[in-house]
Number of protein chains: 2
Amino acid sequence: MTTATQLFEVSSTGKWIEGLKTEINIRDFSPVVVDEPKNLGGTDLAPNPVEYVLAGLTSCTSVMIGLIAKELDFSYSNVSFQNKGTLDLRGLAGDPNVSPHFQTVSYEVQITTDEDDEKLHALIDAVEKRCPVLNLIKDAGVKVSANWVRSK
Amino acid sequence: MTTATQLFEVSSTGKWIEGLKTEINIRDFSPVVVDEPKNLGGTDLAPNPVEYVLAGLTSCTSVMIGLIAKELDFSYSNVSFQNKGTLDLRGLAGDPNVSPHFQTVSYEVQITTDEDDEKLHALIDAVEKRCPVLNLIKDAGVKVSANWVRSK
């Protein structure tokens, strides 16, 4: 049985301010400011574009944990996240043999739960299969490594 | 001639707050808050993860325009951006036959410049080849459409 497409649309607008600084508007929220560090030519007033992608990865993982925990009747009291991405700046600088985006992405999730290992693994498996931002990065051919750590 | 790898590392940390709300820390900047709209189960206090990816796309395009304009001695006075992504929520909900991330992404760039068409096309071509976030999305197999509009 197939179900009908459930299209969900997201959008943003943006405006270049000066130098490498840009303001992004998403719905009615306060503008998201984006800049680059000084060593990349910016004024370092805000995170840079790929850091926002990592923010998307962490928060997407967090949302999926929340949604899937509900489906599995899985309780948890705390979750924290770290992630890291490496880029080879030769790609961005124009070397056609080097990808301009991530070479590697690694992330760690610390979750506090009393659920048994089987249920925890079912949660992790579903999160990793269904998380939009994680799968965007994986589908782009980036080497992704994950480390889930639980405490009770 | 090949040049040596120029690794650049980015990272973020995050903490689940409650429901589908998460706070992300990037370097010493104020926390980035991420939530989901009410119809997806959140409290709608902030943009959602894929909206931050779109923010990354817009700002990355903006940064690349700035960097490449410098290389090409290209002047411009104004740039604004719109983009849009569609997801099919069946993927996120667990349908293994549907990608959990973007089905399509489209973006428009309005740029105000007096440079001639040839120089403008050289700029656009380089931005599209070298932009990290745009190429992440393209390499993930997403159908991407672009529209560059110039005014003088």
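How each quantity is defined
- Residues numbered from 1 in each chain as written.
- Chains lettered and ligands numbered in written order.
- Predicted model: local features only at pLDDT ≥ 70, side-chain atom pairs only at ≥ 80, totals over all residues.
- Heavy atoms only, no water.
- Helix = DSSP H or I, 4+ residues; strand = E, 2+ residues; numbered from the N terminus.
- Buried < 20%, exposed > 50% of the residue type's maximum accessible area, 1.4 Å probe, protein only.
- Contact = heavy atoms within 4.5 Å.
- Areas by Shrake-Rupley, 256 points an atom, 1.4 Å probe, with all protein chains shown as cover.
- Lys, Arg positive; Asp, Glu negative; His and termini not counted.
- Charge placed at Lys NZ, Arg CZ, Asp CG, Glu CD.
- Least-squares fit on C-alpha atoms with pLDDT ≥ 70 in both.
- Expected span 1.5 Å × (residues − 1).
- Pairing = 2+ DSSP bridges.
- Axes fitted to C-alpha atoms, helices over the stretch in contact; angles between N-to-C directions.
- Salt bridge = Lys/Arg side-chain N within 4 Å of Asp/Glu carboxyl O.
- Phe/Tyr/Trp six-rings, centres within 6.5 Å; stacked < 30°, edge-to-face > 60°.
- Core = buried A, V, L, I, M, F, W, Y, C linked by side-chain atoms within 4.5 Å.

Asks: Hey, could you run me through the overall build of chain A in this one?
Replies: Tallying secondary structure elements over chain A gives four helices and six strands in all. Taken from the N to the C terminus, the helices and strands of chain A come in the order β-β-β-α-β-α-β-α-α-β. Projected onto its principal axes, the C-alpha coordinates of chain A cover approximately 50 × 35 × 35 Å. Split into buried and exposed, the 152 residues of chain A put 53% on the buried side. In chain A, the share of contacts with a sequence separation of at least 24, taken over all contacts with a separation of at least 6, comes to 52%. Of the roughly 6900 Å² that chain A leaves accessible, carbon and sulfur atoms contribute 49%. Across chain A, 14 positive and 21 negative side-chain charges occur, with their mean positions spaced 1 Å apart.

Asks: Whenever I open this one, the relation of the copies chain A and chain B confuses me. Can you help?
Replies: Mapping between the two chain copies consists of a rotation about an axis together with a translation along that axis. When chain A is fitted to chain B, the residual RMSD is 0.0 Å, and the transformation amounts to a turn of 180 degrees plus an axial shift of 0.0 Å. Interpreted geometrically, this transformation is the action of a two-fold axis. Relative to the rotation axis, the closest C-alpha in chain A is found at Ala140 of chain A, a distance of 1.9 Å. A shared interface surface links the copies, since 100% of the contact residues of chain A are contact residues in chain B too.

Asks: How should helix α3 (residues 117–130) of chain A be read in this particular structure?
Replies: Because each turn of an α-helix spans 3.6 residues, side chains separated by three or four positions end up pointing in the same direction. Along its 14 residues, α3 of chain A runs 20 Å from first to last C-alpha, staying within 8% of the 20 Å computed at 1.5 Å per residue. Those residues of α3 of chain A that sit buried are Leu120, Leu123, Ile124, Ala126, Val127, Glu128 and Arg130 of chain A. On its buried face, α3 of chain A is in contact with α1 (49–72), β5 (102–112), α4 (132–139) and β6 (143–151) of chain A together with α2 (89–92) of chain B.

Asks: Even after reading the chapter, I still don't get the sheet that holds β5 of chain A, so can you show me in this structure?
Replies: By way of backbone hydrogen bonds, the strands of a sheet pair with one another, either parallel or antiparallel. One open sheet accounts for six strands, arranged β6(A)-β5(A)-β4(A)-β1(B)-β2(B)-β3(B); its pairing is mixed. Only two strands of the sheet have a single neighbouring strand rather than two, namely β6 of chain A together with β3 (32–34) of chain B. Adjacent strand axes in the sheet meet at a mean angle of 20 degrees, parallel and antiparallel pairs treated alike. As paired elements, strand β4 (residues 78–88) of chain A and strand β1 (residues 7–18) of chain B share nine bridges and run antiparallel to each other. Each bridged residue has a counterpart across the sheet, and for Leu87 of chain A the counterpart in β1 of chain B is Phe8 of chain B. Contacting β5 and β6 of chain A, α3 of chain A crosses the sheet at an angle of about 150 degrees to β6 of chain A.

Asks: Honestly, the pattern of salt bridges in this entry has me stumped. Any pointers?
Replies: Here the idea is simple: oppositely charged side chains can pair when their charged atoms come close. Enumeration according to the criterion identifies 14 salt bridges over all chains in this entry. Two residues, Arg27 of chain B and Glu51 of chain A, come together in a salt bridge whose shortest N-O distance is 2.8 Å. Placement of the pair is Arg27 of chain B in the loop between β2 (21–25) and β3 and Glu51 of chain A in helix α1, with the two residues belonging to separate chains. We classify Glu51 of chain A as buried; its relative accessible area is 4%. Here Arg90 of chain A ties to Asp88 of chain A by a salt bridge, and the two come within 2.7 Å at their closest N and O atoms. For Asp88 of chain A, a relative accessible area of 3% puts it in the buried group. Connected through salt bridges with shared partners, the residues Arg27 of chain A together with Asp44 and Glu51 of chain B form a single ionic network.

Asks: I tried to follow the packing of aromatic side chains on my own but got confused; where do I start?
Replies: Each aromatic ring pair is specified by the distance between its two centres and by the angle formed by the two planes. The tally for this structure, following the rule as stated, stands at five aromatic pairs over all chains. Pairing Phe74 of chain A with Tyr76 of chain A gives two aromatic rings, centres 6.4 Å apart and planes at 45 degrees, and the pair type is tilted. Note on accessibility: Phe74 of chain A and Tyr76 of chain A belong to one class, buried. The rings of Trp16 of chain A together with Phe74 and Tyr76 of chain B are connected pair by pair, giving a single aromatic cluster.

Asks: Whenever I open this one, the environment of Val33 of chain B confuses me. Can you help?
Replies: All names here are of chain B. Inspection of the secondary structure assignment puts Val33 in strand β3. The sequence separation of Val33 and Ser59 amounts to 26 residues, and the corresponding C-alpha distance is 18 Å. Among residues more than four places away in sequence, those in contact with Val33 are Lys21, Thr22, Glu23, Ala46, Pro47 and Tyr52.

Asks: Sorry if this is basic, but what is going on with the nonpolar core here?
Replies: One broad rule of soluble globular proteins: the nonpolar side chains tend to lie buried together. Among the nonpolar cores identified, the biggest contains 72 residues, and Ile65, Phe102 and Leu123 of chain A together with Ile65, Phe102 and Leu123 of chain B are the most heavily contacted of them. Of all hydrophobic cores here, the second largest spans 14 residues; its members include Ile26 and Val34 of chain A together with Ile26 and Tyr52 of chain B.

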